[in-house]
Amino acid sequence: MSPEQLTGTTVDASSDQYSLAAVLYEMLVGEAPHAANGRAGMIGRRLSEPAVPIRRSRPDVPTGVDEALCQALAAKSTDRHLSVRAFLDRLEAGAATRRHRLSRRQLFGGAAVIAAVVLAASALVRGRPPLPAPDTPLDPLRIAVLPFGATPDTADQRLVAGLEREIERWLEALGRDVRVIASSVVMNAATPGVPPVLVGRAVAAGTTLQVRLVAQPTGRTISIAIHDVTTGKLLHDSSLGGFDQDMSMMAATAARRLAQLRGVPLKALLPAPVDPRAYRHYLRGQSLLGARTQSAVGLAVQEFKQAIRIDSTFVSAQASLAYALSLFVMFGWELDGKAGFQLAPEAFAIVDQALTKDSNNAEAWLARGSLLLRTEPRLSGAREAFERALTIDPHNPEIHHTYASVLRRLGEDPAAFAAYHQALAIDPRRVITLVELGSAHFIRGDFLEATRWLDSASAIEPASILANGRRAMLELARGDTANAARVLAQAERIGGGAFQRMFYPALQLRLLRGDTAGALQIANAAFRALPASGPVGDQEASELALGYLQLGQPGTARALLRRGYPGGYDLWFYLRRPAWDPWRAKFPWLKQLEEELTPPGALPLPRP
């Protein structure tokens, strides 16, 4: 319990920081930071004395960890770290630094314990699953791919990020016994200067595969090093080839070498011949695609199109282009003057070409399922497409995530939650999945659980529009207008069109404050931003319709709901939110509409 909780003063996020630090302190030392005889003595020390430095009893604890914990345990909240995220960043940096010599036994014993404790704390707050205990047997087929590290050129950064993902994909193709740890998880432990073997132990991997970019007088070279984490031995170290040469074989080559070293039966792990220039554009596009923002996905579209122009036989580039276009269709984004739904025919044509050339391309089936999710009123064929994609590539978190969207729209919430958790098991730092899990709990009325997932998303990506928008709605549902206003102000500072996408919480905030005129102004501005005719995105239609109901304009609300495109289960999905509950009894047409849209066999939505 923090000092401010003991004294009854204002409690905020710094109290959570104090509590987390106290737990970590006790895990490392074996006793509370202000241990004393009797409750009165403990309270007195907590309010007036600093915590005893950990290194007095545990000299093997890095100085940076000790300093980070002591600051988080400061009696005054203003003396602590600026945020829990800042505390974790300082803690992780400290855990990766050694300021004194350690024996080999200490290095692989005490340091591993400290790293595991620190990373487990980070996992708890950032939404990652806890790491195994330090003495967990290490599986040689549990592989950590270490990140390249920063490169000065933006194009190169995108290139190596794409190559990292390609290496992970080829490793996953080795078979079901191989487990690849997501690079986003490895990145937290792979602080510059930390040996690969220590990084492997921190993420409970038995093998590390490190790809390095080396500058030489003759040019830049990519090399690969493979370590056995259990013994600390370097198993393999050699060049893959020149960075500016053909990269299309590098990912498969790295996977083959690891398979040979670890005794994994080799499959056909050689990619189809691809023009090296096309492959470079493809890798850059893959890196951009992961951002899932309109601007980044738009750039990815251009990279994939350029790859196809160079090599028209490049099926993976066609599949990725179709999926990138499906995101424009799914989110209603505009591309080159075309509304999202207008891009669907082009995307379908591209995905059909890709599947004709290779019917076992998982990303092509992902693209097809995503398109059907937004264009088929009853999701005809969408489920089957995702299940086909998962059969081909069960290690792709994007497929699990989007499959969960289909299951939620079919009313199969337990299966959808399982799919979201499977996506996070593969990549625990997927912000979009954390946000959607938070949203799913919010719709069910479980605000506490929703807060946990949305906070995890914000800790990873503080500027996330999705996380901020859902968090603002959550605060409004709880009646906390002050916190909702703070979140909205943060979104407004981001600028651009991002704040326009948050019209609904902004409208609700004004209604709660009694500013009906301001709320109507926001609603009308959002209405004018919609297409003059034709279909409207279901989320936009439902949120704006709810606002007009609250403003006393049920006719406008009803017309908006009927324009929700393409109608069907997607609109029903958005009508499940708690905010709609009071209006069903008041307007029979709303209850009738929901009954029309409810999927066959959908389970009733539980409320706490």
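Keep in mind it's a predicted model, so treat the numbers as computed, not measured.

(A) How the structure looks around the overall build of the protein. Along its length, the protein carries 30 helices and seven strands. Here the protein holds 608 residues, and 53% of them are scored as buried. The long-range fraction of contacts in the protein, counting pairs at least 24 apart against all pairs at least 6 apart in sequence, stands at 62%. Of the roughly 26300 Å² that the protein leaves accessible, carbon and sulfur atoms contribute 54%.

(B) View of the packing of aromatic side chains. Counted under the stated rule, the structure contains 12 aromatic pairs. Each ring, one from Tyr282 and one from Phe314, has its centre 5.0 Å from the other, and the planes form 50 degrees; the classification is tilted. One end of the pair, Tyr282, is in helix α12 (residues 276-289); the other, Phe314, is in the loop between α13 (294-310) and α14 (315-331), with 32 residues separating them in the sequence. Overall, the relative accessible area of 3% leaves Tyr282 in the buried class. Taking 6.0 Å as the distance between ring centres and 15 degrees as the angle between the ring planes, the aromatic pair formed by Trp583 and Phe587 counts as stacked. On the accessibility criterion, Trp583 (15% relative accessible area) is buried. With relative accessibility at 15%, the residue Phe587 sits in the buried group. Of the aromatic side chains, those joined through ring pairs into one cluster are Tyr279, Tyr282, Phe304 and Phe314. Seen from the ring of Phe573, Arg409 lies directly overhead, with NZ or CZ sitting 4.2 Å from the centre. Positioned over the ring face of Trp453 is Arg452, at 4.6 Å from the centre of the ring.

(C) Summary view of α12. The end-to-end C-alpha separation of α12 is 20 Å, in line with the 20 Å expected for 14 residues at 1.5 Å each. Buried residues dominate α12, accounting for 11 of its 14 residues. Inspection of α12 places Ala278, Tyr279, Arg280, His281, Tyr282, Leu283, Arg284, Gly285, Gln286, Leu288 and Leu289 among the buried residues, and these make up the whole buried set. Capping the start of α12, Asp275 holds a side-chain oxygen 2.8 Å from the backbone nitrogen of Arg277, two or three residues further along.

(D) The packing of helix α17 (residues 382-392) against helix α18 (residues 397-409), seen in detail. Between α17 and α18, the least distance of the axes is 10 Å, while the angle of their chain directions is 155 degrees. In this view, α17 runs roughly antiparallel relative to α18, as classed from their interaxial angle. Considering how the two elements wind past one another, α17 and α18 form a crossing that is left-handed. Residues Ala382, Arg383, Phe386, Glu387, Ala389 and Leu390 of α17 lie in contact with α18, whose contacting residues are Ile399, His400, Thr402, Tyr403, Val406 and Leu407.

(E) View of the pattern of salt bridges. Inspection of the entire model under this criterion finds 23 salt bridges. Lys305 is the salt-bridge partner of Glu346, the closest N and O atoms lying 3.8 Å from each other. Placement of the pair is Glu346 in helix α15 (residues 344-357) and Lys305 in helix α13, with a sequence separation of 41 residues. With a shortest N-O distance of 2.5 Å, Asp581 and Arg584 are connected by a salt bridge. Of this pair, Asp581 and Arg584 both sit in helix α29 (residues 581-586), three residues apart, which is roughly one turn of that helix. What makes Asp581 partly exposed here is its relative accessible area of 35%.

(F) Structural context of the pairing of strand β1 (residues 142-146). Burial analysis of β1 places four of its five residues in the buried class, the great majority of the element. In terms of strand pairing, β1 meets strand β2 (residues 179-181) through three bridges, oriented parallel. Counted as the bridge partner of Arg142 is Arg179 from β2. Where β1 lies against strand β3 (residues 207-216), four bridges are found, and the strand directions are parallel.

About the thresholds
Throughout this document, residue positions are counted from 1 along each chain, in the order its sequence is written. With the structure being a predicted model, the display of local features is reserved for residues of pLDDT at least 70 and the display and counting of side-chain atom pairs for 80 or more, all residues being used for whole-chain, interface and lining totals. Computation of side-chain values covers all heavy atoms of the structure but excludes hydrogens and water. In DSSP terms, a helix is any run of H or I states spanning at least four residues, a strand is any run of E spanning at least two, and both are numbered starting from the N terminus. Only protein chains enter the accessibility calculation, which uses a 1.4 Å probe; a residue whose area is less than 20% of its type maximum is buried, one above 50% is exposed, and one in between is partly exposed. By the convention used here, residues are in contact when the closest approach between their heavy atoms is within 4.5 Å. Per-residue accessibility takes into account occlusion by the displayed protein chains alone, with areas from the Shrake-Rupley method and a 1.4 Å probe. Only centres within 6.5 Å qualify two rings of Phe, Tyr or Trp (six-membered ring in Trp) as a pair; their planes then separate them into stacked at under 30 degrees, edge-to-face at over 60, and tilted for everything else. The rule is short: NZ of Lys or CZ of Arg within 6 Å of the ring centre and within 35 degrees of the ring normal puts a charge over the ring. Every helix has an expected span of 1.5 Å times one less than the residues it contains. Here a polar contact is recorded for every N or O atom pair within 3.5 Å, except that within protein the pair must consist of a potential hydrogen donor and a potential acceptor, and residues adjacent in sequence are included only if both atoms are side-chain atoms. Inter-axis angles, ranging from 0 to 180 degrees, are taken between N-to-C directions of lines fitted to C-alpha atoms, where helices are fitted over the stretch in contact. Angles are sorted into four bins: roughly parallel if under 35 degrees, roughly antiparallel if over 145, roughly perpendicular if 65 to 115, and oblique for all others. Handedness of a crossing follows from how the near helix is turned relative to the far one, being left-handed for an anticlockwise turn of less than a right angle and right-handed for a clockwise one. Whenever a carboxyl oxygen of Asp or Glu lies within 4 Å of a side-chain nitrogen of Lys or Arg, that contact is scored as a salt bridge. Strands are labelled as partners when DSSP assigns at least two bridges between them.

Spatial relationships are all this shows, so hold off on functional conclusions.
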